[in-house]
Amino acid sequence: MPDTAALLTAAAGQQRLGNTLRVALIASIVTAALLAWFLLRGYRGNGADDTVND
């Protein structure tokens, strides 16, 4: 019977780790999307304003 309790405790610990990894993955995807938006919005063309007159 102690082996069953140990297995259940280990399974519960792994479930918490799975939730933590899921949250970390979602947070990193959202952060990457926001960073890409922030960096790429500076490269948006404004028409005649971005031409260089030599």
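Given the structure is predicted, the values throughout are model-derived calculations rather than measurements.

Participant: I tried to follow the overall build of the protein chain on my own but got confused; where do I start?
Facilitator: Counting secondary structure elements, the protein chain contains one helix and zero strands. Counting all 54 residues of the protein chain, 0% fall into the buried class. About 5200 Å² of surface is accessible on the protein chain, with carbon and sulfur atoms providing 66% of the total.

Participant: Looking at this structure, how should I read a nonpolar patch on the surface?
Facilitator: On the surface, Leu 35, Trp 37, Phe 38, Leu 39, Leu 40 and Tyr 43 cluster together into a nonpolar patch covering about 760 Å² of accessible area. Its place among the elements puts Trp 37 in helix 1 (residues 2-40).

Participant: Please clarify how the packing of aromatic side chains should be interpreted in this entry.
Facilitator: Aromatic ring pairs are reported here in terms of the distance separating the ring centres and the angle at which the planes meet. In this structure the tally under the stated criterion is zero aromatic pairs. Lying across the ring of Trp 37, Arg 41 places its NZ or CZ 5.4 Å from the centre.

Participant: I tried to follow the environment of Arg 22 on my own but got confused; where do I start?
Facilitator: Residue position: Arg 22 is located in helix 1. Reaching out from Arg 22, the side chain makes a polar contact with the side chain of Asn 19 at a distance of 2.8 Å.

Definitions and limits used
Residues numbered from 1 in each chain as written. Predicted model: local features only at pLDDT ≥ 70, side-chain atom pairs only at ≥ 80, totals over all residues. Heavy atoms only, no water. Helix = DSSP H or I, 4+ residues; strand = E, 2+ residues; numbered from the N terminus. Buried < 20%, exposed > 50% of the residue type's maximum accessible area, 1.4 Å probe, protein only. Areas by Shrake-Rupley, 256 points an atom, 1.4 Å probe, with all protein chains shown as cover. Patch = residues over 30% accessible without salt bridge, like charges linked within 9 Å, V, L, I, M, F, W, Y side chains within 5 Å. Salt bridge = Lys/Arg side-chain N within 4 Å of Asp/Glu carboxyl O. Phe/Tyr/Trp six-rings, centres within 6.5 Å; stacked < 30°, edge-to-face > 60°. Lys NZ or Arg CZ within 6 Å of the ring centre and 35° of its normal. Polar contact = N/O pair within 3.5 Å; in protein donor to acceptor, adjacent residues only side chain to side chain.

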